[in-house]
Structures are given as structure tokens and as C-alpha cells.
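Reading the structure
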Amino acid sequence: MTISTFLDQLNNTLPDLTIKTDKDSLDNWGKDWTKHFDPNASAILFPKSTEEVAQIVRLANEYKIHLVPSGGRTGLSAGAVAAFGEVVVSFDKMNAIGTFYEADRMVEVEAGVVTKALQEFAESKDLYYAVDFASSGSSQIGGNIGTNAGGIKVIRYGMTRNQILGLTVVTGKGDVLELNGGMLKNATGYDFRHLFIGAEGTLGFVTKALIKLEKQPVNLTAMVLGVPDFNAVVRLLDKFGKALHLTAFEFFDQIAVDKVIQAGHTKAPFDSQTPFYVLLEFEAVSDEVLDTAMSVFESCAEAGLIVDGVMSQSVGQLHELWKLRESISETISVFTPYKNDVSVLISYLGDFIADIETIVKDNYPDFEICWFGHIGDGNLHLNILKPEHLSKEEFFEKCQVVNQYVFETVKKYKGSISAEHGVGMTKKPYLDYTRSPVEIEYMKAVKAVFDPNGIMNAGKIFD
Ligand SMILES: Cc1cc2nc3c(=O)[nH]c(=O)nc-3n(C[C@H](O)[C@H](O)[C@H](O)COP(=O)(O)OP(=O)(O)OC[C@H]3O[C@@H](n4cnc5c(N)ncnc54)[C@H](O)[C@@H]3O)c2cc1C
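Here we summarise the structure given alongside this text. (Residues numbered from 1 in each chain as written. Predicted model: local features only at pLDDT ≥ 70, side-chain atom pairs only at ≥ 80, totals over all residues. Heavy atoms only, no water.)

**Considerations on the overall build of the chain**
Short version of the rule: Helix and strand assignments come from DSSP, with helices taken as H or I runs of at least 4 residues and strands as E runs of at least 2, each series counted from the N terminus. In this treatment the radius of gyration is a C-alpha quantity, and the globule benchmark scales as 2.2 Å times the residue count to the 0.38 power. In what follows, residue pairs with any heavy atoms lying within 4.5 Å of each other are defined as contacts. Surface accessibility in these figures is a Shrake-Rupley result with a 1.4 Å probe; residues are shielded only by whichever protein chains are displayed. For the purpose of charge, His is not counted, nor are the chain termini; Lys and Arg are scored as positive and Asp and Glu as negative. For the purpose of locating charges, the reference atoms are NZ of Lys, CZ of Arg, CG of Asp and CD of Glu.
For the chain, the helix and strand inventory stands at 15 helices and 18 strands. Its C-alpha radius of gyration of 23 Å places the chain within 12% of the 23 Å reference for a compact globule of 463 residues. Dimensions along the principal axes, computed over C-alpha positions, put the chain at roughly 75 × 55 × 45 Å. Contacts in the chain between residues far apart in sequence, at least 24 positions, make up 74% of those at least 6 positions apart. Carbon and sulfur atoms provide 50% of the accessible area of the chain, an area that totals close to 19,900 Å². Positive and negative charge centroids in the chain, built from 42 and 61 side chains respectively, lie 4 Å apart.

Take a look at the structure:
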């Protein structure tokens, strides 16, 4: 059965459904932020309701059409890429913010609501949506749920999973399920909500979510610290983590700072240049807390863990300091970076990073490496930047050879080959470094229950 017959049928069943098949749209909605695969979608659909999504899925099952769920397409694992003639289902037209449950501090949103729009809605209610990262202006709630996105506030509030109190989903069979209904307590058997979080659209579509909102943080204050080595980063995490209730603990290297400054995003935090930097944030709820922060700073400086530092004195300065960290991904994207997004227990961080440093020195002597990450969550982003003289293909090939050493080290420390970006297609070949063969078989069995015809995001996570 051809795609065109499927689209004709869809037209008959849902005459108001927007369907795009022009080349620009296929290229635009057929890809995400990654550059590994060329988009090759057959059509892009823009449903406006859960019922329309369900109709699409039922028809796709009839005609055995492969569907790719698509959010803001900021994904970093090619999870939303349609490279094999699939039909993309975009949530761009399902972006309504629905009922606000004030007493529950919860709001219902459609999957296509942009992260920043939810943050602003929460703020308008004097509340806070705690998932935040540099792509929040484009990423959608459905995509965040698909990848169980993390970001810069995980150390305090947890991943996207922690904010989801209920979901409406359309399974790969076309059934509509209302999962958990927003309740904090519901001990009635399997909680399928959690299966759909982080499933990367392989079990079905998320169409709505009930989201928990938090109290607004008070007087957020950031410190940027120049530090001499990795070991100091890990020790500072311990020292500041014990003394303060941190809302963020990030790190980046001098190369990242240089690139961000060269791109004009912000200026250097202080005169000294150091191999690594820590950006930590806390709620300065009282002078006592500020005094504590200063005394930890001083004792760490005396111990040689800090070379230089600065603390924000206003909201403007806070935002300026955050630009050092939040502009990195966008700035280095012009260098076609090969991204690793790995994590280990904080307890293993010191040894793990020492091993990774050796691998990098031995295997990438000629490549520029940019380190940054949510180190307070044990999450490291290792970015290898493409030299101009290499083609994209040659470069990725070289990086993939070294991958096995990096991932063997991740395995040695029982860590994750994808901390927060998902598996998609880019990390699919390495899944068994983190998940056992038996576990992967269980995952495939679960998929077969929700998506028996294998139409949902086929070829993502596993084959
Ligand atoms: C500059 C930059 C910074 C970033 N920083 C971070 C960070 O700090 N932390 C982090 O975790 N990520 C980060 N990311 C990655 C990315 O922004 C997140 O993964 C984000 O949650 C993806 O959302 P999206 O709407 O763009 O999803 P997409 O890329 O469109 O899709 C992601 C996955 O979800 C699936 N999906 C999309 N919508 C649905 C739906 N309605 N139902 C079911 N499945 C669906 C897709 O099929 C795909 O598998 C960053 C990306 C960029 C470009």
C-alpha cells in the first residue's frame, strides 16, 4: 500500500487535517538538531486533538505506515528524525494550556506546548516549572517527556519524569489511555505513565500531560568559580553540596568559555583563565546563607580548589553568568560536534573522569575537545569538534572508533551511555553498554504490547 493511498484515506477521514508534502516542509520537520542522518520524510501531519491522533494511528496500522512523533526537534539523538520515508506527526498545532488546578499546583497542557511557554504560565501563577535548558524556547512538553529531559535544575527538582502527574496517550494500536489522572497517590497496579516517559515515541504518542508546578525559588544567586582541574570540580561539588541547598551545579572548560565569548554571547567572568569552571546556584534566602556560601568559597580558595570567582549581585548578573553555560551548545553547533552525554554515580566521578581524560588524550590528540555538563548530576557532555579539513562522514567515523573506549569506561563504572538526550538512532548501537541483553528483550516485548505492528518510531532505541 502506498503512502499516497494512506494520505487519501486520511483526507477522507479527517478532511480538516493539515498535511504537508512540499520539499521544504519534509526537510524541516523530518529532522532534529543532529546532523548524522539526512531527512527523508514522506509527509507531515498536524493533528489538533487526541482523537485526530488516534484516527491517524488506527489508519496507519491498517496501511502499515511508519509514524515519527515530532516535537520542537531540538533532540540530540535523532529520535525525531524521519530518514526512511516515514510520516511525521507534528504537535505544533496542539499547544493549548488547559485547566489549572490551583490547589494541586498542577496544570494540564497539550503535548505541543513549548517549554518556555509553560515556564511563563507557571510564573504568571507565581509558580515555577522546574525543567529548564538552553533549548526551552523551542522544545515541546511532548518531546521533553519523550526523552525524559533533564537540564540545569535536576540536582534540585529531578528530571522531567518527576514533574509528570498524569498523561493522555495514544498507543501504537490507536487506543487512548488516561494515565494516573494527576494523583499523587494511586496504588492500583502498573503505572504505564512511566513507560511512556523516556520511550522516545516508540510506544505511542503523548497528547496531553498533567504537570506539577513548584514554588518559585527565592533570590537565586550564582557563583562562577575558576578551578585548576577536574578533581577540584568534584571536591567543590562535595563542599558546596553539603553546605548549601543547590539549585544547579554545572561545569565547563576554557575552550567552551573562549568559544562563547568569541561568538559574542557574554564576557569573561573574571581576568584569570582556568582549565575548568564551575557554575553553582542556590537560593540566598537570608544573609546567613550568603555568609555560608562565602565562607565555603574562602576555605576552598585557601585549599587551592578555587583560583578565582565571582558571585551574582543582581538578577541581571545572574542571567549574564548563566550565559557562559547556556550558550555553549548553540555556539559549538557550528563545529558539527560529536556529542557524548554520559553519566555515572557521583561517587565514581573522580575516577571516571580521570579514565576518560586518558582516553581523550590518547585517541583525540589532534581534535579540539569541549567539556561541559550537569556535573552535579554525574552527567558529563564530552564534545569533539570537527576539524575543518575532515568531511562530516570521515569525522563521525573516527569518533565512532573511540566511542567504544568511552563506553567501555562508562560500563566499567556502571554508568549510562545517554544521561538525558535519549538513544534515538545515534546511540542505538551502544545501548548494550548500559542495558543488559535480557533487559533489551523485555523492552522489545513491552513495545510489542503497545505497538504490535511496529509503526511507532521504528528503528529508534533498538531495531
Ligand atoms: C541547545 C540545546 C541544549 C539542550 N540542552 C539539554 C539539556 O540540558 N538537557 C536535556 O535533557 N536535553 C537538552 N537538549 C536536548 C533537547 O532539547 C531535549 O531532548 C528536548 O526535551 C527535546 O524536546 P523536543 O520537543 O525538541 O523533542 P524532539 O526532538 O522533537 O523529539 C524528541 C523525542 O521525543 C519524541 N516525541 C516528540 N514529541 C512526542 C510526543 N508528543 N509523544 C511521544 N513522543 C514524542 C520524538 O519522536 C523523539 O524521539 C538540548 C538541545 C539543544 C539544541
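So, next bit.
**Digging into the packing of aromatic side chains**
Note the threshold: Stacked, tilted and edge-to-face pairs are distinguished by plane angle, under 30 degrees for stacked and over 60 for edge-to-face with tilted covering the rest, among Phe, Tyr and Trp rings (Trp via its six-membered ring) whose centres lie within 6.5 Å. Accessibility here uses a 1.4 Å probe with only protein chains present; expressed as a share of the type maximum, an area under 20% marks a residue as buried, one over 50% as exposed, and anything in between as partly exposed. Our definition puts a charge over a ring when NZ of Lys or CZ of Arg is within 6 Å of the ring centre and also within 35 degrees of the ring normal.
A full pass over the atoms with the stated rule returns 23 aromatic pairs. Aromatic side chains Y430 and Y433 sit 6.5 Å apart centroid to centroid with 40° between the ring planes, which places their arrangement in the tilted category. Each member of the pair, Y430 together with Y433, is buried. Within the aromatic cluster, the residues linked to one another by ring pairs are Y338, Y364, F367, F395 and F396. Looking at K93, its charged tip hangs above the ring of F46, at a distance of 5.9 Å from the centre. Just above the ring of Y157 sits the side chain of R156; from NZ or CZ to the centre is 5.8 Å.

**Digging into helix α13 (residues 349-363)**
This is how the line gets drawn: Each helix should span, by expectation, one fewer than its residue count multiplied by 1.5 Å.
Between its first and last C-alpha atoms α13 spans 21 Å; for 15 residues at 1.5 Å apiece the expected length is 21 Å, and the two agree. Looking at the buried side of α13, the elements it contacts are α8 (230-243), β16 (338-343), β17 (368-373), β18 (379-385) and α14 (392-412).

**Observations regarding a negative patch on the surface**
For clarity, the cut-off: Surface patches are drawn from residues lacking salt bridges whose relative accessible area is over 30%; two like charges belong together within 9 Å, two nonpolar side chains (Val, Leu, Ile, Met, Phe, Trp, Tyr) within 5 Å. The salt bridge definition used is simple: a Lys or Arg side-chain nitrogen within 4 Å of an Asp or Glu carboxyl oxygen.
Side chains of D38, E393, E394 and E397 sit close together on the surface and give a patch of like negative charge. By the element assignment, E394 lies in helix α14.

**Some remarks on the nonpolar core**
Counted only if it meets this: Here, nonpolar core refers to any group of buried Ala, Val, Leu, Ile, Met, Phe, Trp, Tyr and Cys residues whose side-chain atoms link them within 4.5 Å.
Residues L225, L236, F240 and W371 are the most contacted members of the largest nonpolar core, which totals 56 residues. If sequence neighbours within four positions are ignored, L236 has contacts with L225, V227, G241, F249, V278, C300, L305 and I306. Counting 26 residues, the second-largest nonpolar core is a separate cluster that includes V109, L118, A149 and L167.

**Side note on the site of the ligand**
The condition is simple: The nearness test applies per residue and asks whether one of its heavy atoms lies within 4 Å of the molecule or strand. We call two N or O atoms a polar contact when they sit within 3.5 Å, provided that within protein one can donate a hydrogen and the other can accept it, with sequence-adjacent residues counted only if both atoms are side-chain atoms.
In the vicinity of the ligand lie 36 residues, with P69, G72, T74, S135 and N144 positioned nearest. A distance of 2.8 Å separates an oxygen atom of the ligand from a polar atom in the backbone of G71. Burial of the ligand by the protein amounts to 97% of the accessible area it has alone, namely 980 Å². Counting only elements with at least two residues in the shell around the ligand, the list comes to β3 (67-70), α5 (141-147) and β10 (204-212). With five residues, α5 is the single largest residue contributor to the shell around the ligand.

**Remarks on the pairing of strand β13 (residues 246-253)**
Within a regular strand, the side chains alternate between the two sheet faces. Basically, it comes down to this: Think of it this way: DSSP has to see at least two bridges between two strands before they count as a pair.
The buried fraction of β13 amounts to eight of the eight residues, a majority that puts the element mostly inside the structure. Where β13 lies against strand β14 (residues 276-283), seven bridges are found, and the strand directions are antiparallel. Bridging from a neighbouring strand, D253 pairs with F276 of β14. Note: β13 against β17, two bridges, orientation antiparallel. Bridging across to β17, F252 finds its partner in F372.

**Brief notes about the side chain of K427**
In this fold, K427 is placed in the loop between α14 and α15 (437-450). No salt bridge forms around the buried K427; measuring N to O, its nearest opposite-charge neighbour D341 is 7.3 Å away. Excluding its chain neighbours within four sequence positions, the residues that come into contact with K427 are K339, N340, F407, I417 and G422.

**With respect to a nonpolar patch on the surface**
There is a patch of nonpolar side chains on the surface, built from Y190, F192 and L195 and spanning about 340 Å² of accessible area. Within the fold, F192 resides in the loop between β9 (176-179) and α7 (193-196).

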